[in-house]
Amino acid sequence: MSTVRIALANVRVPATPDESVHLASAAVGDAARQGARVVCFPECFVPGYRWPGTITPPPDPAFLERAWRAVADAAKAARITVILGTERVTDRGLQIAACVINPDGTIAGWQDKGQIDPSEEVTYAAFGTERHVFTAGPLTFGIAICHEGWRYPETVRCAVRRGAQVVFHPHAHVAELGSYRPHTFADPANTFHEKAMLCRAAENTCFFASVNCASEGSGTTSAIVRPDGTLQCYQPYGQEGLLVADLDLTTATGLLASRCRTSPL
């Protein structure tokens, strides 16, 4: 089978950690009912991204374990692969990660964020040192989390050189005071971020699937870009819902990534 349906959970920013679990579990079921094989959530969706200047509950390992189990149960009930943006409490500090959950509810593995934005270093002090690829039926995929995909193209190329046809890009972006508010994708007046989505796909001949929460005035939205760098679809700005698309995997050859003469990460 050369076509795979994926879903990006462009849901609202959760108000509380408990709401993040409720929203995630509901979206998992919705994605499965729409025929998706994989559903991906934004960065740190559980328990919620720790935005600078906001007051959030302290990291709670027991809550996270319960949350991961609840979402895994939803994945098992729906028979769907889940990429859950979350945080992990480690002996080196708090860490941003993506948890990959199999359709039987088991944990396939983790992709820890290896490139941290300077603004995150105080809150999320730990970082990953390895990159992984995962499978869901005929689909092989990698994950580059937010800042990694925007500023470090090598993280995407690494996954594609290891066979990934799609690189998922969980990110977190809300409106900042005085920031530009786009109405069309990759608006020239906007920041570089959405243009980077096009580049990550085209420079590696892979699909690039970037997912953000729905919030008023956000400078980026969720989108899926084809391996030739053209936009396949995007979620209207600020509109909550699943972005669902069928991907023709025969077009994701990884050709340009494979021709890179530098060593893979």
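Trainee: I tried to follow the overall build of the protein chain on my own but got confused; where do I start?
Mentor: Secondary structure assignment for the protein chain yields 6 helices and 12 strands. On C-alpha atoms alone, the protein chain measures out to a radius of gyration of 17 Å, which is about the 18 Å that the 2.2 N^0.38 rule sets for 265 residues. Its C-alpha atoms put the protein chain at 45 × 45 × 35 Å along the principal axes. Here the protein chain holds 265 residues, and the buried ones make up 54% of them. Carbon and sulfur atoms form 53% of the exposed surface of the protein chain, whose accessible area is close to 11,300 Å².

Trainee: I would appreciate a short explanation of the pattern of salt bridges in the present structure.
Mentor: Opposite charge on two side chains permits them to pair, given that their charged atoms come into close proximity. This model, assessed by the stated rule, comprises 12 salt bridges. Residue aspartate 30 is joined to arginine 33 by a salt bridge in which the shortest nitrogen-to-oxygen separation is 2.4 Å. You can see aspartate 30 and its partner arginine 33 sitting in helix 1 (residues 17–33), 3 residues apart, about one turn around the helix. Owing to a relative accessible area of 64%, arginine 33 belongs among the exposed residues under this scheme.

Trainee: How should I be thinking about the packing of aromatic side chains in this particular structure?
Mentor: Aromatic ring pairs are reported here in terms of the distance separating the ring centres and the angle at which the planes meet. Applying the stated criterion across every chain, the model contains 8 aromatic pairs. Ring centres of phenylalanine 41 and phenylalanine 45 lie 5.6 Å apart, and the angle between their planes is 35 degrees; this geometry places the pair in the tilted category. Note on accessibility: phenylalanine 41 and phenylalanine 45 belong to one class, buried. Where tyrosine 49 meets tryptophan 51, the ring centres are 4.5 Å apart and the plane angle is 55 degrees; that geometry is what we call tilted. Classification of tyrosine 49 by relative accessible area gives buried; the value is 14%. Look at tryptophan 51 and you get partly exposed, because its relative accessible area is 23%. Linked through ring pairs, Tyr49, Trp51 and Tyr124 together constitute an aromatic cluster. Over the ring of tryptophan 110 we find arginine 88, and its NZ or CZ is 4.0 Å from the ring centre.

Trainee: Whenever I open this one, empty space enclosed by the protein confuses me. Can you help?
Mentor: In this approach the atoms are scanned with a rolling probe the size of a water molecule, which exposes any empty space left behind. Counted according to the given criterion, the structure contains 2 cavities of 30 Å³ or more. Along the wall of the largest cavity there are 14 residues; nearest its centre are Val13, Glu43, Tyr49, Trp51 and Cys213. Grouping the amino acids of the lining of the largest cavity by side-chain chemistry returns 9 nonpolar, 4 polar and 1 charged. As for the second largest cavity, its lining consists of Asn10, Cys213, Ala214, Ser215, Ser218, Thr220, Thr221, Pro236, Tyr237 and Gly238. Of the residues contributing to the lining of the second largest cavity, the split by class is 4 nonpolar, 6 polar and no charged.

Trainee: Whenever I open this one, the pairing of strand 9 (residues 207–211) confuses me. Can you help?
Mentor: With 5 of 5 residues buried, strand 9 is to be regarded as a mostly interior element. Burial along strand 9 is two-sided: the residues Phe207, Ala209 and Val211 and Phe208 and Ser210 are all buried. For strand 8 (residues 166–170) and strand 9, the ladder comprises 5 bridges, and the chain directions are parallel. Bridge assignment links valine 166 to a residue of strand 9, and that residue is phenylalanine 207.

Trainee: What exactly am I supposed to notice about unusual backbone geometry here?
Mentor: Trans peptide bonds make up most of the peptide bonds, and negative phi angles are found at most residues other than glycine. Cis geometry marks the peptide bond from valine 46 to proline 47; its omega dihedral reads 5 degrees. Mapped onto the elements, proline 47 comes out in the loop between strand 2 (38–40) and helix 2 (61–78).

Trainee: Even after reading the chapter, I still don't get the sheet that holds strand 2, so can you show me in this structure?
Mentor: Within a sheet, each strand pairs with its neighbour through backbone hydrogen bonds, oriented either parallel or antiparallel. With respect to topology, 6 strands assemble into an open sheet ordered 5-4-3-2-1-12, the strand pairing being mixed. Strands at the two margins of the open sheet, each flanked by one partner only, are strand 5 (107–112) and strand 12 (241–248). Neighbour-to-neighbour, the strand axes of this sheet turn through a mean angle of 30 degrees, independent of strand direction. Examined bridge by bridge, strand 1 (residues 3–10) and strand 2 share 3 bridges and lie parallel to one another. Pairing of isoleucine 6 across the sheet is with valine 38, part of strand 2. Each of strand 1, strand 2, strand 3 (81–90) and strand 12 touches helix 1; the most contacted strand, strand 12, lies at about 40 degrees to it. The sheet contacts of helix 2 involve strand 3, strand 4 (93–101) and strand 5, and relative to strand 3 the element is tilted by about 170 degrees.

Trainee: So what exactly am I meant to see when it comes to the environment of threonine 123 here?
Mentor: On the secondary structure map, threonine 123 appears in the loop between strand 5 and strand 6 (133–136). When the C-alpha positions of threonine 123 and glycine 93 are compared, they lie 8.6 Å apart, and in sequence the two are 30 residues distant. Residues contacting threonine 123, with those up to four places away along its chain left out, are Arg50 and Leu94.

Quick notes on the rules
Residues numbered from 1 in each chain as written. Predicted model: local features only at pLDDT ≥ 70, side-chain atom pairs only at ≥ 80, totals over all residues. Heavy atoms only, no water. Helix = DSSP H or I, 4+ residues; strand = E, 2+ residues; numbered from the N terminus. Rg over C-alpha atoms; globule rule 2.2 N^0.38 Å. Buried < 20%, exposed > 50% of the residue type's maximum accessible area, 1.4 Å probe, protein only. Areas by Shrake-Rupley, 256 points an atom, 1.4 Å probe, with all protein chains shown as cover. Salt bridge = Lys/Arg side-chain N within 4 Å of Asp/Glu carboxyl O. Phe/Tyr/Trp six-rings, centres within 6.5 Å; stacked < 30°, edge-to-face > 60°. Lys NZ or Arg CZ within 6 Å of the ring centre and 35° of its normal. 1 Å grid on protein atoms, 1.4 Å probe; cavity = no way out; pocket = protein on both sides within 12 Å on 5 of 7 lines; lining within 4 Å. Points joined across faces, edges and corners; volume = space filled by probe spheres on them. Nonpolar A, V, L, I, M, F, W, Y, C, P; charged D, E, K, R; others polar. Pairing = 2+ DSSP bridges. Axes fitted to C-alpha atoms, helices over the stretch in contact; angles between N-to-C directions. Contact = heavy atoms within 4.5 Å.

The values are spatial; any link to function lies outside them.
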